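# Architecture at a glance
Here are the chains, one letter per residue:
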Amino acid sequence: MIQAKFSLEESHIQFLARCKQYGFKDQSDVVRIALDRLRTELSKECLRESADQYAEAYEKDGETQEWTNAALSGWPSESGGN
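Please read all numbers here as calculations on a predicted model, not as lab measurements.

Let's shift gears to the packing of aromatic side chains. All told, the structure shown has one aromatic pair when counted by the stated rule. A centroid spacing of 4.9 Å and a plane angle of 25° characterise the contact between Phe 15 and Tyr 22, whose relative ring orientation is stacked.

What follows is the structure in structure tokens.
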């Protein structure tokens, strides 16, 4: 595994010192999990922003709304009936 050097605040050091109380294997485990969670959260945020942009563009584009409505009109109903 690759090692990295970085600076932390005293409160971070204190938290890392208690990592086993929180169920982590070691301090490195805490950092890896925290980074994985941050990466996941940033990805979700990016997707939300993208979805918001598409929704905004859709609201302004009547032609796309017409295409969508036309496509949905042939879609099976939610009741499952034919």
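We are not done yet, so read on.
Turning to the pattern of salt bridges, a few remarks are in order. Between side chains of opposite charge, a pair can form when the charged atoms approach closely. In total, this model carries three salt bridges according to the counting rule given. With a closest N to O distance of 2.7 Å, Asp 36 and Arg 39 form a salt bridge. Here Asp 36 and its partner Arg 39 are both found in helix 2 (residues 27–60), three residues apart, which amounts to about one turn of the helix. Judged by relative accessible area, Asp 36 falls into the partly exposed class, the value being 39%. Taking the shortest distance from any N to any O, the salt bridge between Glu 41 and Arg 48 comes out at 3.1 Å. Given the relative accessible area of 37%, Glu 41 is considered partly exposed.

So, how was this worked out
Residues numbered from 1 in each chain as written. Predicted model: local features only at pLDDT ≥ 70, side-chain atom pairs only at ≥ 80, totals over all residues. Heavy atoms only, no water. Phe/Tyr/Trp six-rings, centres within 6.5 Å; stacked < 30°, edge-to-face > 60°. Salt bridge = Lys/Arg side-chain N within 4 Å of Asp/Glu carboxyl O. Helix = DSSP H or I, 4+ residues; strand = E, 2+ residues; numbered from the N terminus. Buried < 20%, exposed > 50% of the residue type's maximum accessible area, 1.4 Å probe, protein only.

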